[in-house]
Amino acid sequence: MKLLKSNLLVLALICLVLTSCSKEDSVEVETAKYDIDLALAQKNDTFMSNEILRLVNDHRASIGLSTLKIDSQYASAFAVDHTDYMIEKEKINHDNFGYRSEGIKFHDNAKVVGENVAYGYDTAEDVVNAWLKSPGHKAIIEGNYTHTGFGVMKCPKGRTYFTQLFYRK
């Protein structure tokens, strides 16, 4: 019995040594966890996104808020990825928002992240007006954010889907 306990203790110590990791290993795991293809951002409709950004910034300026800066890297890649997901599901949603939020916090040192989604609007004015008429979406637009990223794309059926991510550094 004593030999069995001794062998179990040795085995436990070996497992502990083999599973320990360094700080560098943790960073690599976190990087892989929030890895996203930045080329995804190129799928975004930049014309429509720039118009949405102009309208959102006009609204923010009209109530004394700072304007948002476009992030055409991580925030837009995460937004496009989500828009692709919504198109695949044929339904707007905030599924996996926590993942997008943590990814932007990891890559862009964001402190807080928000998100607005929509589909079926034909113009930037239409989608921004709809968001401003919705208390929850309006609160995001008027939130304490500094940056934004977009995923604006048409589905095969011709409807436009929108994801706008907001964050503050």
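Use the structure listed above.
Residues numbered from 1 in each chain as written. Predicted model: local features only at pLDDT ≥ 70, side-chain atom pairs only at ≥ 80, totals over all residues. Heavy atoms only, no water.

Chemist: What exactly am I supposed to notice about the side chain of H82 here?
Modeler: With respect to the secondary-structure elements, H82 resides in helix α4 (residues 74–89). With residues up to four places along the chain from it excluded, the contact list for H82 reads N93, H94, D95, R100, E115, V117 and T163. (Helix = DSSP H or I, 4+ residues; strand = E, 2+ residues; numbered from the N terminus. Contact = heavy atoms within 4.5 Å.)

Chemist: Quick question: what am I supposed to make of the nonpolar core here?
Modeler: As a rule of thumb, soluble globular proteins bury nonpolar side chains together. Of all hydrophobic cores here, the largest spans 19 residues; its most connected members are I36, F78, I104, V113, L165 and Y167. Broken down by element, this core gets its largest block of residues, 8 residues, from α4. Leave out the neighbours within four places in its chain, and Y167 touches D71, A75, I104, D108, A110, V112, V113, Y145, T146 and H147. By size, the runner-up hydrophobic cluster in this structure holds 18 residues, among which are L68, A118, W131 and I141. (Core = buried A, V, L, I, M, F, W, Y, C linked by side-chain atoms within 4.5 Å. Buried < 20%, exposed > 50% of the residue type's maximum accessible area, 1.4 Å probe, protein only.)

Chemist: What exactly am I supposed to notice about the packing of aromatic side chains here?
Modeler: Here the distance between the centres and the angle between the planes together describe a pair of aromatic rings. Counted under the stated rule, the structure contains 4 aromatic pairs. Seen from their ring centres, Y119 and Y161 are 5.2 Å apart, and the 25° between their planes marks the pair as stacked. With a gap of 42 residues between them, Y119 in strand β2 (residues 112–119) and Y161 in strand β4 (residues 160–168) connect regions that are remote in the sequence. For Y119, a relative accessible area of 37% corresponds to the partly exposed category. Ring plane angle 45° and centroid distance 5.6 Å describe the contact between Y145 and F166, whose orientation is recorded as tilted. Of this pair, Y145 sits in the loop between α7 (135–141) and β3 (147–154) while F166 sits in strand β4, placing them 21 residues apart in sequence. (Phe/Tyr/Trp six-rings, centres within 6.5 Å; stacked < 30°, edge-to-face > 60°.)

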